[in-house]
Amino acid sequence: MSRKASVTNHRAVLGQDGAVRMTESLLRKTPLQHIISGLYEDPMTCGIGIGIGAGATVTCLDGYTEWVSETYPQITLGWDWGWQFVSGRSGYRRREAPFSNITLVDQDGRDIGVADTARLLGDVIDQRDWQDIVGAYLATHYR
């Protein structure tokens, strides 16, 4: 069932279900503030202890981060990340679908669906510069 809200590229709407409906265009323009990041301490979440050779085991660094807007209605966006080595560089990378109170809608205000919302939220995250902020936060909170 498609929900329709009176959403424009300039305004988000808080739905009766608690989701904030907005266009992808508006989301991309909305500044997000970092509120917290942390490390997952369960070694089983990232495969520690899996042997990869004589005397070696796989290790990893996994965590989470949460961001909010200063707009009304307030949006929240969080995701799990991992420290990974990709294409000759290591760094923080988003893992899996983000967590959010956002439902993206098309230009006519119709929900685009859970799968497309998750994919586009991931794209928005991947195009933002969040890694240095998370790294700096972790450096001050995990000494």
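All residue numbers here refer to positions counted from 1 along the written sequence of the relevant chain. Two thresholds apply to this predicted model, a pLDDT of at least 70 for residue-level local features and 80 or more for giving and counting side-chain atom pairs, whereas whole-chain, interface and lining totals are computed over all residues. Based on all heavy atoms of the structure, the side-chain values leave hydrogens and waters out of the count.

1. Considering the sheet that holds strand 9 (residues 102-105)
Test applied: One bridge is not enough; two strands pair if DSSP finds at least two bridges between them. Helix and strand labels come from DSSP, where a helix needs a run of H or I of at least four residues and a strand needs a run of E of at least two; each type is numbered from the N terminus.
Strand order across the open sheet formed by three strands is 1-2-9, with mixed pairing between neighbours. Looking at strand neighbours, the two that pair on one side only are strand 1 (13-14) and strand 9, the edges of this open sheet. Relative to strand 9, strand 2 (residues 20-23) runs parallel, the two being bridged by four bridges. Considered in strand 9, the bridge of Val-20 is made with Ile-102.

2. So, the pairing of strand 2
To keep things clear, this is the line we draw: Think of it in three bands: residues with accessible area under 20% of the maximum for their type are buried, residues over 50% are exposed, and the middle band is partly exposed, with areas taken using a 1.4 Å probe on protein chains only.
Covered by surrounding structure in strand 2 are Val-20 and Met-22 together with Arg-21 and Thr-23, the residues of both alternating faces. Here strand 1 folds back onto strand 2 in antiparallel fashion, the turn holding five residues, of which Gly-18 has a positive phi close to 90°.

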